[in-house]
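Structure assessment
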Amino acid sequence: MVDCYSAPNLLPFEQALSNILNQVPSVTETEEVSISEALNRVLANVTKSPLNVPPHNNSAMDGYAFAKESFTDQNSANTLTLIGRSMAGEPFQGECLAGQCVRIMTGAKLPKGCDTVEMQENCEVVNNQADGLSHITFLEPKEQGDNVRYAGEDIKENQVVFEQGRKLSAIDVGVLASLGVPTVAVYRKLTVALISTGDELKLPGESLTEGDIFESNSFTLAAMLEKLNINVLKLGVIKDDKQAITDAFIKADKEADAIFSSGGVSVGEADYTKEVLDELGDISFWKIAMKPGKPFAFGKLPNSVFFGLPGNPVSATVTAHMLAVPALTKMQNCINAAPVKLRVKTATNIRKSPGRMDFQRGILSTNEQSEMLVSSTGNQGSGVLTSLAKANCYIVLPAEQGNISANELVTVQLFDSVIQH
Ligand code: AMP
Ligand code: MG
């Protein structure tokens, strides 16, 4: 039987990705930064808590603290003698005995002898008693421990709070502050150099002459790298001139951890780019069984790793997203969160020819019954950058898959923050 799915000379996507991941080095240099500067940085050490959070048992309410044992009547009101107050940052110093209670504010330390708090709304203050003291009547029964926040209930002393390799989120920065940690060790930032090749490319702001187009890849890629908290070195549009290409690659290799070039990796077109790269390092030119993005180059230069992305804007973006971003994540030492994938019905027919793995652009939404559906963004041409702008997910179709009809199940991969908000 003829294997109609075979794709001669094409490198399967998974193999391309694992080849790349096996070859990229991870940064080793670290630096100490203030937690205010730590957003999106990658932790170089395990973070263990130096203390319990919260550090002491405290009240979750404004009210009165007491020992539950002091309630002699378990079914109706109880009255206790008020002996003092515990404020946040100004704890009650004495001990609360049976029959006594202490006024307490939210976050204030639970006085010695107390194990329960009642909120003030469920209490009545009885003043002017013969003994001259205030008494508090508790109107409702209580369970021991009510309205108490226990020491260490959020984080225990010495507990591992964050693993090495965690990329710090906004919340993580707050958690570090709650531990009293002013600075953290993080891995140094990566630098990626961007080179666009193509004599037809003009920068926005320049004027187009016949046959020209505006260069967009370096803008998309720079923005994606910014989302990854990576420094970008933009080397601009390099003309198809051997010396210019050589100079650009040598400069990029000196100054960056990785180089992204776009364009000029298709068969028969890689002229100077391929010649120069072959002279400078060890680069493989692949045809990957993925769509968009068949032509792709990857390898090592003396000081950096090289990603030769296809020129078409969708191909450049999707190959950067699916192949280069995982590599950069590894280079950053960042623990990789697996992308979210879902099996959902397609609302539209999907055209697909067997042979390559497709990353079609889809819009995931819910219908009136709150069921998820995906629909194609339409024209899937590799130059149609708006297909990515309209989408919120990839419809990931395996290489051997053929056409799909509406209502069949497909796998979608949600866009992550690298290419969306
Ligand atoms: P290439 O891979 O160089 O054959 O380019 C494939 C297509 O992508 C051509 O239509 C190019 O004009 C276009 N292209 C290449 N580089 C860029 C770029 N930096 N920005 C936008 N389009 C590009
Ligand atoms: Mg070109």
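**Details of the overall build of the protein**
Scanning the protein for helices and strands turns up seven helices and 26 strands. When the backbone C-alpha atoms are referred to their principal axes, the protein occupies close to 100 × 50 × 45 Å. Long-range pairs, those at least 24 residues apart, make up 72% of the contacts in the protein between residues at least 6 apart in sequence. As displayed, the protein offers around 20900 Å² of accessible surface, 50% of which is attributable to carbon and sulfur atoms.

**Some details on the nonpolar core**
Where a protein is soluble and globular, its nonpolar side chains tend to be buried together. Counting residues in each nonpolar core, the largest one holds 50 residues, and the members touching the most others are Ile 20, Phe 260, Phe 296, Phe 307, Leu 323, Leu 328 and Phe 359. In terms of residue count, the dominant contributor to this core is helix α6 (residues 313-331) (11 residues).

**Details of the confidence of the model for the protein**
Scored by pLDDT, the protein has a mean of 94; 97% of the residues are at 70 or more. This stretch, residues 1-6, has a pLDDT under 50; its non-local contacts, to residues over four places away or in other chains, come to four contacts.

**Overview of the sheet that holds strand β10 (residues 135-138)**
The six strands are arranged β8-β5-β7-β6-β10-β9 in an open sheet whose pairing can be described as mixed. Both edges of this open sheet fall to β8 (116-119) and β9 (123-126), since each of them pairs with a single strand only. The average angle at which neighbouring strand axes cross in this sheet is 40°, direction not considered. In terms of strand pairing, β9 meets β10 through four bridges, oriented antiparallel. Directly across from Val 126, in β10, lies its bridge partner His 135.

**Quick look at the environment of Tyr 272**
You can see Tyr 272 is positioned in helix α5 (residues 271-280). What Tyr 272 contacts, discounting residues up to four positions off in sequence, is Asp 240, Asp 241, Lys 242 and Ile 245.

**Describing the packing of helix α1 (residues 13-23) against α6**
For the pair α1 and α6, the least separation of the axes is 9 Å and the interaxial angle reads 30°. Classified by the angle between their axes, α1 and α6 sit roughly parallel to one another. The two elements α1 and α6 meet at a crossing, and its hand is right-handed. Here Phe 13, Ala 16, Leu 17, Ile 20 and Leu 21 of α1 come into contact with α6, specifically with Met 322, Leu 323, Pro 326, Ala 327 and Lys 330.

**Looking at the packing of aromatic side chains**
Going through the model one piece at a time under the given rule, you end up with 12 aromatic pairs. Look at Phe 249 and Phe 306: their rings are 5.5 Å apart centre to centre, the planes differ by 75°, and that puts the pair in the edge-to-face class. You can see Phe 249 sitting in helix α4 (residues 242-255) and its partner Phe 306 sitting in strand β21 (residues 305-309), a full 57 residues away along the chain. Its relative accessible area of 1% is what places Phe 249 among the buried residues. Residue classification places Phe 306 among the buried positions, given a relative accessible area of 0%.

**Considering the pattern of salt bridges**
Within the structure shown, the criterion is met by 11 salt bridges. The closest approach of N and O atoms between Lys 242 and Glu 275, which form a salt bridge, is 3.0 Å. With Lys 242 in helix α4 and Glu 275 in helix α5, this pair connects stretches of sequence that are 33 residues apart. Residues joined in a network through salt bridges with shared partners are Glu 29, Arg 188 and Asp 257.

**Side note on the pairing of strand β5 (residues 63-66)**
Every other side chain in a regular strand lies on the same face of the sheet, so the side chains alternate between the two faces. Here β5 pairs with strand β7 (residues 100-104) via three bridges, running antiparallel. Bridging across to β7, Ala 65 finds its partner in Val 102. With four bridges joining them, β5 and β8 adopt antiparallel strand pairing. Pairing of Tyr 64 across the sheet is with Glu 118, part of β8.

**Side note on the environment of Phe 214**
Looking at the secondary structure, you find Phe 214 in strand β16 (residues 213-214). What makes Phe 214 partly exposed here is its relative accessible area of 39%. Here the alpha-carbon distance between Phe 214 and Glu 200, two residues 14 residues apart in the chain, equals 8.1 Å. Filtering out sequence-adjacent residues up to four positions away, Phe 214 remains in contact with Lys 202, Leu 203, Pro 204, Gly 205, Glu 206 and Leu 208.

**Some thoughts on unusual backbone geometry**
In the segment running from Val 53 into Pro 54, the intervening peptide bond is cis, with an omega of -10°. Of note, the amide linkage connecting Lys 291 to Pro 292 takes the cis form, showing an omega dihedral of 0°. With respect to the secondary-structure elements, Pro 292 resides in the loop between β19 (282-291) and β20 (295-300). Unusually for a residue other than glycine, Asn 158 sits at a positive phi of about 75°. Note on Asn 158: relative accessible area 53%, which makes it exposed.

**Examining α1**
The complete set of buried residues in α1 reads Phe 13, Ala 16, Leu 17 and Ile 20. For α1, the angular spread of the buried residues around the axis is 95°, confining them to a single face.

**Re the side chain of Asp 115**
Looking at the secondary structure, you find Asp 115 in the loop between β7 and β8. Here the side chain of Asp 115 touches Gln 144 through a polar contact of 2.7 Å, side chain to side chain.

**Overview of helix α3 (residues 217-227)**
Along α3, the residues classified as buried are Asn 217, Ser 218, Leu 221, Ala 222, Met 224 and Leu 225. An end-on view of α3 places all buried positions within 160° of arc, on one side of the element. Buried residues along α3 sit against β14 (191-197), β17 (231-238), β18 (258-262), β21 and α6.

**Focus: the side chain of Thr 377**
Tracing the chain through its elements places Thr 377 in the loop between β24 (372-376) and α7 (386-390). By relative accessible area, which is 9% here, Thr 377 ends up buried. With sequence-adjacent residues up to four places away left out, Thr 377 is seen in contact with Arg 361, Gly 362, Ile 363, Ser 387, Lys 390 and Ala 391.

About the thresholds
Residues numbered from 1 in each chain as written. Chains lettered and ligands numbered in written order. Predicted model: local features only at pLDDT ≥ 70, side-chain atom pairs only at ≥ 80, totals over all residues. Heavy atoms only, no water. Helix = DSSP H or I, 4+ residues; strand = E, 2+ residues; numbered from the N terminus. Contact = heavy atoms within 4.5 Å. Areas by Shrake-Rupley, 256 points an atom, 1.4 Å probe, with all protein chains shown as cover. Core = buried A, V, L, I, M, F, W, Y, C linked by side-chain atoms within 4.5 Å. Buried < 20%, exposed > 50% of the residue type's maximum accessible area, 1.4 Å probe, protein only. pLDDT = per-residue confidence, 0-100. Pairing = 2+ DSSP bridges. Axes fitted to C-alpha atoms, helices over the stretch in contact; angles between N-to-C directions. Parallel < 35°, antiparallel > 145°, perpendicular 65-115°, else oblique. Left-handed = near helix turned anticlockwise from the far one by under 90°. Phe/Tyr/Trp six-rings, centres within 6.5 Å; stacked < 30°, edge-to-face > 60°. Salt bridge = Lys/Arg side-chain N within 4 Å of Asp/Glu carboxyl O. Arc of directions from axis to C-beta. Polar contact = N/O pair within 3.5 Å; in protein donor to acceptor, adjacent residues only side chain to side chain.

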